[in-house]
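Inside the fold
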Amino acid sequence: MTTHTLEQKRYFSFELLNWYTRSKRDLPWRRHRNPFYIWISEIMLQQTRVDTVIPYFNRFIARFPTIEALAEAPEEDVLKLWEGLGYYSRARNLQTAAKQVVELHGGEVPDDTQAVAALKGVGPYTTGAIMSIAFNRPEPAVDGNVMRVLSRYFLIEEDIMKGSTRAHMESLVRELIPEGRASDFNQALMELGALVCTPKSPQCLTCPVMEHCSGRLAGREETLPVKTKAKPPRLEPRSVALIEGSGANAGRLLVRQRPAKGLLARMWELPHELVGPEGYNGPVPDEPAMDHLAAHLLAEGVLARPVRFVREAEHTFSHIHWNLRVFQCEEVASPVGEAGGQSLAAEQRAGYSTGGAKPGALLALAEQEERTAPPAGYRWISEADMDTLAFPKVFLDLITEYFAKQKGTLV
């Protein structure tokens, strides 16, 4: 590890705090010293831009002003307010942790590092952020922004993905925090990484610590930090069913709820299926894709006939990238029946085959008696239902677009 001089450290801390005092942004969570609100903001800010988080934060604390309110709320309400932020396990973990705080700490975030670290979904960074920002404890809060700033200023060339590098940076931050200034210092460090020492094209000429930045002096400001490239997400081609109701269901769409555990647990979505064997990400012609989608829906107890391709969409998780092809489908009548115990999980891996269903195989079903209710886990929704059901953003956008087209209000 690189040796850093005492002068360089003192200069960094002094100038950084002076800059923050002059230039800090007016952010809603900075108007409160409420540890609960600071905790919420830090969870929301993980993997998410500040500008995106601000309206979510304001709505969230308006609906859940106390830890007790969050702990006692239906999970569906929590997910709905999180809708569009992504990484929904953050919301579930936050609510679980709120219940822990109520049960173990009387509804107050404890001023205790170990107790905070023991809460569900609270890792080392979030622990440090809560303890330093809310309680002014000299704890490091080392995230990507902080690691980038430290790598450049102190010319740290070790891979920031390694645990040993993170540990070194946490130790370094402990040395840098001026006595009694932990809250401002950690926020200043994050602010510098977010606004000045950015991933690309860092604004060195406006940086308050430019003079002693070892990375800049070595011409390394744009090549640091050193970071092992993450494995790219697995590509998955999927067919999506936009199923329009008829008769009593006219004007409605059929949606389904995901399983209680796993990816996007308990959220609502348009029915969809993986097309092709695992690892396949090539194009699938419309006609066999529609036949295969009809067979998939039939296996789940849904009688619908795909009629045309509508559009493409995509959605990226940390480990999966969905390439979605959306097909408009018509409801097909059938006798009342069960779903046959088929899994409702969107990750069902039906092997792709152009012979999965014969073209027009469902047409004969149209003359049979109308089903009175969709299978378990499915429901017909109107536009008004969008106010209460939580959808992943890609499906929220598709459904919102559909209802806008139906009303003729889509621009």
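The protein chain has the name Adenine DNA glycosylase in an unreviewed UniProt entry, where Paenibacillus terrae is given as its organism. Note on the protein chain: under the UniProt heading Function (unreviewed entry), the record states "Adenine glycosylase active on G-A mispairs. MutY also corrects error-prone DNA synthesis past GO lesions which are due to the oxidatively damaged form of guanine: 7,8-dihydro-8-oxoguanine (8-oxo-dGTP)."

To continue, consider the overall build of the protein chain. Of the regular secondary structure elements, the protein chain holds 14 helices and 7 strands. Going through the 411 residues of the protein chain one by one, you find that 50% of them count as buried. For the protein chain, restricting intrachain contacts to residue pairs at least 6 apart in sequence, the fraction spanning at least 24 positions comes to 70%. About 19,500 Å² of surface is accessible on the protein chain, with carbon and sulfur atoms providing 52% of the total.

Let us now look at the layout of surface pockets. Of the pockets and cavities examined, the largest pocket occupies roughly 1,400 Å³. Lining the largest pocket are 41 residues; nearest its centre among them are Leu45, Gln47, Asp143, Gly144 and Asn145. With 6 residues, the single largest contributor to the lining of the largest pocket is helix H11 (residues 182-195). Estimated volume of the second largest pocket: approximately 420 Å³. Every residue lining the second largest pocket is counted, 20 residues in all, and those nearest its centre are Gly86, Tyr87, Tyr88, Leu264 and Phe317.

Here the focus is empty space enclosed by the protein. Taken as a whole and assessed by the stated rule, the structure comprises 3 cavities of 30 Å³ or more. Here the largest cavity defines a volume of roughly 130 Å³. Along the walls of the largest cavity sit 15 residues, with Arg152, Cys197, Cys204, Cys207 and Cys213 positioned nearest its centre. Considering every element that reaches the lining of the largest cavity, the biggest residue donor is helix H9 (residues 144-153), with 3 residues.

As a further point, take the pattern of salt bridges. Side-chain pairing between opposite charges can occur once the charged atoms of the two side chains come close. Within this structure, the stated rule accounts for 26 salt bridges. Salt-bridge contacts for arginine 238 lead to glutamate 236; the nearest nitrogen and oxygen are separated by 3.0 Å. Here arginine 238 falls in the buried class, since its relative accessible area comes to 1%. In this structure, glutamate 401 engages lysine 405 in a salt bridge whose closest nitrogen and oxygen atoms are separated by 4.0 Å. Of the two residues, glutamate 401 and lysine 405 both sit in helix H14 (residues 393-407), 4 residues apart, roughly one turn of that helix. Because the salt bridges share partners, they merge into one network encompassing Arg256, Arg258, Glu269 and Glu300.

Attention shifts here to the side chain of arginine 256. Looking at the secondary structure, you find arginine 256 in strand S2 (residues 253-257). Polar contacts involving the side chain of arginine 256 include one to the side chain of tyrosine 378, which spans 3.2 Å.

By the element assignment, glutamate 191 lies in helix H11. Apart from the residues within four sequence positions on either side, glutamate 191 is in contact with Trp19, Tyr20, Ser23, Lys24, Arg25, Arg30 and Val196.

For the rest of this paragraph, the subject is the packing of helix H2 (residues 35-45) against helix H3 (residues 50-63). Direction vectors running N to C along H2 and H3 enclose 140 degrees, while the axes themselves pass 10 Å from each other. Compared by their axis directions, H2 and H3 come out oblique. As for the relative orientation of H2 and H3, their crossing is right-handed in sense. Residues Tyr37, Ile40, Ser41, Met44 and Leu45 of H2 pack against Val50, Val53, Tyr56, Phe57, Phe60 and Ile61 of H3.

Moving on to unusual backbone geometry. At the junction of leucine 224 and proline 225, the peptide bond is cis and its omega measures out at 5 degrees in the coordinates. Its location among the elements puts proline 225 in the loop between helix H12 (214-217) and strand S1 (234-244). Of note in the backbone geometry, glutamine 47 takes a positive phi value of approximately 65 degrees without being a glycine. Within the fold, glutamine 47 resides in the loop between H2 and H3.

Our next topic: the state of the cysteines. Disulfides are covalent bonds that link the sulfur atoms of two cysteine residues. Under the defined criterion, the tally for this structure stands at 0 disulfides. Left unpaired, cysteine 207 is separated from the closest cysteine sulfur, that of cysteine 197, by 6.3 Å. According to the relative accessible area criterion, cysteine 207 is buried, its value standing at 16%.

Here we come to the pairing of strand S5 (residues 304-316). Inspection of the sheet shows S5 paired to strand S6 (residues 320-331) by 11 bridges, in the antiparallel sense. Note on S6: the bridge partner recorded for histidine 315 is tryptophan 322. Hairpin connection from S5 to S6: 3 residues lie between these consecutive antiparallel strands.

Another aspect to go through is helix H8 (residues 124-135). Under the 1.5 Å per step criterion, the end-to-end length of H8 is 16 Å for 12 residues, consistent within 8% with the ideal 16 Å. With 11 of its 12 residues buried, H8 lies for the most part within the structure. For H8, every residue scored as buried is listed here: Tyr125, Thr126, Thr127, Gly128, Ala129, Ile130, Met131, Ser132, Ile133, Ala134 and Phe135. Buried-residue contacts for H8 involve H2, helix H7 (113-117) and H11. At the C-terminal side of H8, asparagine 136 shows a positive phi close to 60 degrees.

The next thing to look at is the environment of methionine 147. Looking at the element boundaries, methionine 147 is found in helix H9. It is 7.1 Å that separates the C-alpha atoms of methionine 147 and isoleucine 160, two residues lying 13 residues apart in sequence. When neighbours within four sequence positions are excluded, methionine 147 is seen to be in contact with Val142, Ile160, Arg166 and Met169.

What counts and how
- Numbers given to residues run from 1 along each chain, matching the order in which its sequence is written.
- Under the rules for a predicted model, residues below a pLDDT of 70 receive no local features and side-chain atom pairs below 80 are neither given nor counted, while totals for whole chains, interfaces and linings still include all residues.
- Values shown for side chains rest on all heavy atoms present in the structure; no hydrogens or waters enter the calculation.
- UniProt positions are given in the numbering used here, feature names are shortened, and annotations may be inferred rather than shown by experiment.
- Secondary structure elements are taken from DSSP: a helix is a run of H or I of four residues or more, a strand is a run of E of two residues or more, and numbering for both begins at the N terminus.
- Burial here depends on accessible area, computed with a 1.4 Å probe over protein chains only, as a share of the maximum for the residue type. Under 20% is buried, over 50% is exposed, and the range in between is partly exposed.
- Every residue pair with non-hydrogen atoms within 4.5 Å of one another is taken to be in contact.
- Each accessible area value is a Shrake-Rupley result obtained with a 1.4 Å probe; residue values ignore everything except the protein chains displayed when judging cover.
- The method works on a 1 Å grid over the protein atoms by themselves. A cavity is a set of points holding a 1.4 Å probe that cannot get out, a pocket is an open set with protein on both sides within 12 Å along at least five of seven lines, and residues with an atom within 4 Å of a point line them.
- Grid points are joined across faces, edges and corners, and a volume is the space filled by probe spheres set on the points.
- Salt bridges are counted wherever a side-chain nitrogen of Lys or Arg sits within 4 Å of a carboxyl oxygen of Asp or Glu.
- Contacts described as polar in this section are N or O atom pairs within 3.5 Å, which, within protein, must combine one atom able to donate a hydrogen with one able to accept it, while residues neighboring in sequence count only if both atoms come from side chains.
- Angles run from 0 to 180 degrees between N-to-C directions of axes, and those axes are lines fitted to C-alpha atoms, restricted for helices to the stretch in contact.
- An angle below 35 degrees is read as roughly parallel, one above 145 as roughly antiparallel, one from 65 to 115 as roughly perpendicular, and any other as oblique.
- The hand of a helix crossing depends on one turn: near helix anticlockwise from the far one by less than a right angle means left-handed, and clockwise means right-handed.
- The definition used for a disulfide is geometric: two cysteine sulfur atoms within 2.5 Å.
- Only strands joined by at least two bridges in the DSSP assignment are considered to pair.
- The span expected for a helix works out to 1.5 Å for each residue beyond the first.

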